[in-house]
Amino acid sequence: MKAIQIVEESGPDSALALGELPEPEASHMLTPGAGVLVEVHAAGVSFPELLQTRGQYQMKPALPFVPGSEVAGVVRSAPEGAQVKAGDRVAAFCALGGFAETAVAPEFFTFALSPKLDFAQGSGLILNYHTAYFALALRGRLKAGESVLVHGAGGGVGTATLQVAKGLGASTIALVSSAAKREVAEQAGADEVLLLGDGWKDQVLELSGGGVDMVLDPVGGDRFTDSLRSLREGGRLVVVGFTGGAIPEVRVNRLLLRNTEVVGAGWGAYVMSKPELNREIGAAVNRMVDEGFVSPVVGERFPLERAAEALKALDERRATGKVVLDVRAA
Ligand SMILES: NC(=O)c1ccc[n+]([C@@H]2O[C@H](COP(=O)([O-])OP(=O)(O)OC[C@H]3O[C@@H](n4cnc5c(N)ncnc54)[C@H](OP(=O)(O)O)[C@@H]3O)[C@@H](O)[C@H]2O)c1
């Protein structure tokens, strides 16, 4: 099969090589001896893959390895008792190995793909939408009628968060850095979109009538203090990532003064050992697909051999929505 490997940790320009590899066995590292084999049509491109090209991600497989944490495609074989069977269209989280024509995923990370979604959308459904649901509903305790400010709202996690928040009955304010990303956030269904710049915090306070109930932050950096100031009493700031580079620090007196919380949401490590929780989140996300709230916004698409360009779109802050590799494009 054709596959992209990371052969050195020198960044997206030079770390990748396209090659012919043997097909994987139906065995996943999380479920040794068992796994769902998926004929990959689309592979989602995400920040972990970018970090892996520099050896900066927490999971450090021995070189060379095939990156790619999530895919959409057709099941070739599935273990007995699995929720999916040969021939089913699925979205699957494989953690590694997705940038290839065939990938293997644990049964509990493989979900039926609604006929409403194409393969490109399916390849953006797990990492971002399961994270959004985990962060908003389970970690942040978001309730219907509450309001959420979403940072990086034109990106993968951001667009997913806008849609899942709506599915949970909340209202959303999106914060983005450019006019192009404003359009994407609007397309993802944001109620209000603000451009990053002086005064965004005051605009949030005004739009929300004194503060939002939740801030969802995949960006971090120097906007953190203003995020805390954007919360109303009892509000929660949910930390999801640090694309901005710097890891913020909190002066905890701010939390005490306004009775607010900072909550961490690390989806992957938490759910990996909890098959039932994955089924619950998968069912909730699929329900939101059926109800029309969730429809992944696909940004740039590249054929498999141009994976480096896909990673550079993330690296250069150009990505909007989900960046996708069309693995079986002619
Ligand atoms: N906690 C978890 O379980 C979990 C799960 C999935 C992903 N994540 C993390 O969430 C983060 C976002 O992932 P994503 O897929 O949404 O990425 P993405 O599509 O590239 O979006 C990230 C957004 O961050 C903003 N940003 C600010 N400074 C940036 C910079 N220097 N370089 C790149 N982007 C910058 C950009 O928005 P503006 O230009 O509008 O500011 C961009 O749209 C990543 O750190 C990822 O590892 C965490």
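Shown above is the structure to which this text applies.
Residues numbered from 1 in each chain as written. Predicted model: local features only at pLDDT ≥ 70, side-chain atom pairs only at ≥ 80, totals over all residues. Heavy atoms only, no water.

Participant: What's the story with the overall build of the protein chain in this structure? I'm lost.
Facilitator: Counting its secondary structure elements, the protein chain contains 11 helices and 15 strands. Relative to the compact-globule value of 20 Å for 330 residues, the protein chain shows a C-alpha radius of gyration of 19 Å, a close match. When the backbone C-alpha atoms are referred to their principal axes, the protein chain occupies close to 60 × 40 × 35 Å. Contacts spanning at least 24 positions in sequence make up 68% of the contacts within the protein chain whose residues lie at least 6 apart. Accessible surface, the protein chain: about 13,600 Å² in total, of which carbon and sulfur atoms supply 51%. Averaging the coordinates of the 31 positive side-chain charges in the protein chain and doing the same for the 39 negative ones gives two points 4 Å apart. (Helix = DSSP H or I, 4+ residues; strand = E, 2+ residues; numbered from the N terminus. Rg over C-alpha atoms; globule rule 2.2 N^0.38 Å. Contact = heavy atoms within 4.5 Å. Areas by Shrake-Rupley, 256 points an atom, 1.4 Å probe, with all protein chains shown as cover. Lys, Arg positive; Asp, Glu negative; His and termini not counted. Charge placed at Lys NZ, Arg CZ, Asp CG, Glu CD.)

Participant: Please clarify how the layout of surface pockets should be interpreted in this entry.
Facilitator: Which parts of space are left empty comes out when a probe the size of a water molecule is rolled across the atoms. One number sums up the size of the second largest pocket: a volume of about 270 Å³. Considering the residues around the second largest pocket, the lining is formed by 16 residues, among which Pro 24, Val 66, Leu 96, Gly 97 and Val 104 are closest to the centre. Broken down by class, the residue content of the lining of the second largest pocket amounts to 11 nonpolar, four polar and one charged. (1 Å grid on protein atoms, 1.4 Å probe; cavity = no way out; pocket = protein on both sides within 12 Å on 5 of 7 lines; lining within 4 Å. Points joined across faces, edges and corners; volume = space filled by probe spheres on them. Nonpolar A, V, L, I, M, F, W, Y, C, P; charged D, E, K, R; others polar.)

Participant: Please explain the sheet that holds strand 12 (residues 231-239) as it appears in this structure.
Facilitator: Two pairing modes exist for strands in a sheet, parallel and antiparallel, and in both the strands are linked by backbone hydrogen bonds. Across the sheet, six strands lie side by side as 10-9-8-11-12-13; this open sheet has parallel pairing. Of all the strands in the sheet, just strand 10 (192-195) and strand 13 (261-264) have a single pairing partner and so form its edges. In this sheet, adjacent strand axes meet at a mean angle of 20° when their direction is disregarded. Here helix 3 (residues 127-139) sits on the sheet and contacts strand 8 (147-150), strand 11 (212-217), strand 12 and strand 13; the angle it forms with strand 11, its principal contact strand, is near 150°. Those strands touched by helix 6 (residues 200-207) are strand 8, strand 9 (171-176), strand 10 and strand 11, and its axis lies near 160° from that of strand 10. (Pairing = 2+ DSSP bridges. Axes fitted to C-alpha atoms, helices over the stretch in contact; angles between N-to-C directions.)

Participant: I keep staring at the nonpolar core and nothing clicks. Help me out?
Facilitator: Side chains that are nonpolar tend, in soluble globular proteins, to be buried together. Formed by 55 residues in total, the largest nonpolar core has its most connected members in Leu 125, Tyr 133, Leu 136, Val 148, Val 164 and Trp 267. In terms of residue count, the dominant contributor to this core is helix 3 (eight residues). Apart from residues lying up to four places away in sequence, Tyr 133 is in contact with Leu 138, Val 164, Leu 168, Ile 281, Ala 284, Val 285 and Met 288. Formed by 35 residues, the second largest nonpolar core is a distinct cluster that contains Ala 15, Leu 304, Leu 325 and Val 327. (Core = buried A, V, L, I, M, F, W, Y, C linked by side-chain atoms within 4.5 Å. Buried < 20%, exposed > 50% of the residue type's maximum accessible area, 1.4 Å probe, protein only.)

Participant: Sorry if this is basic, but what is going on with the environment of Asp 191 here?
Facilitator: Residue position: Asp 191 is located in the loop between helix 5 (179-187) and strand 10. By relative accessible area, Asp 191 is classed as partly exposed at 37%. With 118 residues separating them along the chain, Asp 191 and Gly 73 place their C-alpha atoms 33 Å apart. If near-sequence neighbours (up to four positions away) are discounted, Asp 191 is found in contact with Lys 166, Ala 170, Ser 171 and Thr 172. Here the side chain of Asp 191 touches Lys 166 through a polar contact of 2.8 Å, side chain to side chain. (Polar contact = N/O pair within 3.5 Å; in protein donor to acceptor, adjacent residues only side chain to side chain.)

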